[in-house]
Amino acid sequence: MSAANFPAPEVKPANPNFSSGPCSKRPGYSLANLRTETLGRSHRSALGAEALRRACEDTARILNLPEGYRVGIVPASDTGAMEMTMWSMLGPRPVDIFAWESFGKEWVNDVTKQLRLENVSLYQADYGKLPDFEQADASHDIIFTWNGTTSGVKVVDADWISDNRQGITICDATSAVFAMEMPWEKLDVVTFSWQKVLGGEGAHGVLILSPRAVERLESYTPPWPMPKIFRLTKGGNLNEGIFQGSTINTPSMLCVEDYLDALGWVESLGGLKACIAKSQANLDVIQRFVENHDWIQFLAETEDTVSNTSVCLTLDLEADQVKQIVKLLEQEKVAYDIGSYRDAPPGLRIWCGSTVEESDVQALMPWIEWAYQKVKAG
Ligand SMILES: Cc1ncc(COP(=O)(O)O)c(C=O)c1O
């Protein structure tokens, strides 16, 4: 059959939302399911405070956090959680930063150009690769991203983090939490945002602290000014309220209710393991497709580093041809927002977190083939 005559597949994904953030809402999502009693009320009312506290507690329970780990809701999404951490905790020890895509590189920028710390070692790698984690020094603070959302490359394990470390580990895990097993005992600060794996709303970040991270906060005062929305301590002690639902400033209670709905859905699915399995099954669909088509590859260079959430693919086409594919699939209402990130190599990025249905990923694959043939034929 000539490529020009390649017929369009008959079945479209029931849900064409494959964006890597904000990510697709959960199957069965409806605004009508959200509780509205907390709206139009003070977030410090008994009702509001209880909803916020529940969001923290349910997160800790579902993620199975170790005893003593705290969960707080903070302003400004994952970026807010990461920046308040870096501004509050960095300084007393040398810092090792590992970066291999756009977001990790943002944290490098913060540490070197904004905080202007001097004792910093950068370990960077290109899109598709991971840096050499064996360079991590147990006496240094360590900053890294668990899943590189813009390269589709994830960390394989945390064996390179010493159990006897003196520094703290700060892990941006926004595309990983609820989709990958996290070795909590190796991680002192973990951040994520609601808009990612559970398809929540933008604006709020989650900050998870180990007892060692709390110890750092209570034993160290940075020399630079600290904006109110970064302040995690009061009078030298941890502001415990933040980790019990008493947020630093006013949150959106609509976003909180939306997050509680997502957490309820995770539990109805069977909890964290079910979420991870669903995401993995989505990736498996793409993996099979890649195996059977030699014109499409994962951007990740080794199989064990292929992300099961932000799946990044390269094609044997020019950048503008890839853009045409993305446009065609959007026009056909088959897939929205699947172009690679603006700083990343040209390609497709298909979100495969648990809010995406396997049947939709399956339905998408023939459409990608169709669009490829069409664009290739010119
Ligand atoms: C790894 C990573 N870090 C940070 C961010 C920034 O997240 P937010 O917009 O929630 O602050 C993103 C967003 O995609 C991300 O993927």
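Here the structure is shown first, and the text comes after it.
Residues numbered from 1 in each chain as written. Predicted model: local features only at pLDDT ≥ 70, side-chain atom pairs only at ≥ 80, totals over all residues. Heavy atoms only, no water.

### Brief notes about the pattern of salt bridges
No. 1: Applying the stated criterion across every chain, the model contains 17 salt bridges.
No. 2: Note that glutamate 267 and arginine 61 form a salt bridge whose closest N and O atoms lie 2.6 Å from each other. Within this pair, whereas glutamate 267 is found in helix H5 (residues 253-269), its partner arginine 61 is found in helix H1 (residues 46-63), the two being separated by 206 residues in sequence.
No. 3: Judged by its relative accessible area of 38%, glutamate 267 is partly exposed.
No. 4: One salt bridge connects aspartate 188 with arginine 212, and the closest N-O pair in it is separated by 2.8 Å. You can see aspartate 188 sitting in the loop between strand E7 (169-172) and strand E8 (189-193) and its partner arginine 212 sitting in helix H4 (residues 211-219), a full 24 residues away along the chain.
No. 5: For aspartate 188, a relative accessible area of 0% gives the class buried.
No. 6: What makes arginine 212 partly exposed here is its relative accessible area of 27%. (Salt bridge = Lys/Arg side-chain N within 4 Å of Asp/Glu carboxyl O. Helix = DSSP H or I, 4+ residues; strand = E, 2+ residues; numbered from the N terminus. Buried < 20%, exposed > 50% of the residue type's maximum accessible area, 1.4 Å probe, protein only.)

### Quick word on the sheet that holds strand E14 (residues 348-351)
The pairing of strands in a sheet happens through backbone hydrogen bonds and is either parallel or antiparallel.
No. 1: Across the sheet, three strands lie side by side as E12-E13-E14; this open sheet has antiparallel pairing. Edge positions in the sheet fall to strand E12 (296-298) and E14, since each of these pairs with one other strand and no more. Averaged over all adjacent pairs, the angle separating strand axes in this sheet is 35°, with direction ignored.
No. 2: Looking at chain direction, strand E13 (residues 310-315) and E14 are connected through four bridges and run antiparallel. Each bridged residue has a counterpart across the sheet, and for cysteine 312 the counterpart in E14 is arginine 349.
No. 3: Along the sheet, helix H6 (residues 272-292) contacts E12, E13 and E14; its crossing angle with E12, the most-contacted strand, is approximately 135°.
No. 4: Sitting on the sheet, helix H8 (residues 358-377) touches E12, E13 and E14, and the angle it makes with E14 is about 165°. (Pairing = 2+ DSSP bridges. Axes fitted to C-alpha atoms, helices over the stretch in contact; angles between N-to-C directions. Contact = heavy atoms within 4.5 Å.)

### Description of the nonpolar core
No. 1: Judged by nonpolar contacts, the single largest core of 91 residues is most densely connected at Phe144, Trp146, Phe178, Ile208, Ile286, Ile350 and Ile368.
No. 2: Of the residues that make up this core, three or more belong to each of domain 1 (16-25 + 272-377) and domain 2 (34-267).
No. 3: Excluding anything up to four places from it in sequence, phenylalanine 144 contacts Phe98, Val155, Trp160, Ile161, Ile170, Cys171, Asp172 and Leu187.
No. 4: Ranked by size, the runner-up nonpolar core spans 34 residues in total, among them Ile170, Phe230, Phe243 and Ile248. (Core = buried A, V, L, I, M, F, W, Y, C linked by side-chain atoms within 4.5 Å. Domains from an automatic or database assignment.)

### A word on helix H2 (residues 77-89)
No. 1: With 13 residues, H2 should cover 18 Å at 1.5 Å per step; its first-to-last C-alpha distance of 18 Å lies within 8% of that length.
No. 2: Counting buried residues along H2, 11 of its 13 residues qualify, which places the element largely inside the surrounding structure.
No. 3: Where H2 is concerned, the buried positions are Ser77, Asp78, Gly80, Ala81, Met82, Met84, Thr85, Met86, Trp87, Ser88 and Met89. (Expected span 1.5 Å × (residues − 1).)

### Details of the side chain of lysine 154
No. 1: In this fold, lysine 154 is placed in strand E6 (residues 153-154).
No. 2: What lysine 154 contacts, discounting residues up to four positions off in sequence, is Leu130, Trp146, Asn147, Met180, Asp304, Thr305, Val306, Ser307 and Asn308.

### Points about the pairing of strand E1 (residues 70-75)
Consecutive side chains along a regular strand alternate between the two faces of the sheet.
No. 1: Across the six residues of E1, five count as buried, placing the element largely inside the fold.
No. 2: The sheet contact formed by E1 and strand E9 (residues 204-209) spans six bridges and is antiparallel. What sits directly across from isoleucine 73, in E9, is valine 206.

### So, empty space enclosed by the protein
No. 1: Per the counting criterion, the structure on display carries two cavities of 30 Å³ or more.
No. 2: If you add up the space inside the largest cavity, you get close to 50 Å³.
No. 3: Around the largest cavity sit Thr174, Val177, Phe178, Phe192, Ser193, Trp194, Val197, Leu198 and Tyr259, which together line it.
No. 4: Looking at the lining of the largest cavity, its residues break down into seven nonpolar, two polar and no charged.
No. 5: Roughly 40 Å³ of volume is contained in the second largest cavity.
No. 6: As for the second largest cavity, its lining consists of Thr150, Leu299, Cys312, Leu313, Thr314, Ser340, Pro345, Pro346, Gly347 and Leu348.
No. 7: When its residues are assigned to classes, the lining of the second largest cavity shows six nonpolar, four polar and no charged. (1 Å grid on protein atoms, 1.4 Å probe; cavity = no way out; pocket = protein on both sides within 12 Å on 5 of 7 lines; lining within 4 Å. Points joined across faces, edges and corners; volume = space filled by probe spheres on them. Nonpolar A, V, L, I, M, F, W, Y, C, P; charged D, E, K, R; others polar.)

### Comments concerning the packing of helix H7 (residues 319-331) against H8
No. 1: Interaxial distance between H7 and H8 falls to 9 Å at its minimum, and their mutual angle equals 130°. The angle between H7 and H8 falls in the class oblique. Here the hand of the crossing between H7 and H8 comes out right-handed. Residues Gln321, Gln324, Ile325, Leu328 and Leu329 of H7 form the contact with H8, whose participating residues are Trp367, Ile368, Trp370, Ala371, Tyr372, Lys374 and Val375. (Parallel < 35°, antiparallel > 145°, perpendicular 65-115°, else oblique. Left-handed = near helix turned anticlockwise from the far one by under 90°.)

Fair warning: the whole summary comes from geometry, so function is off the table for now.
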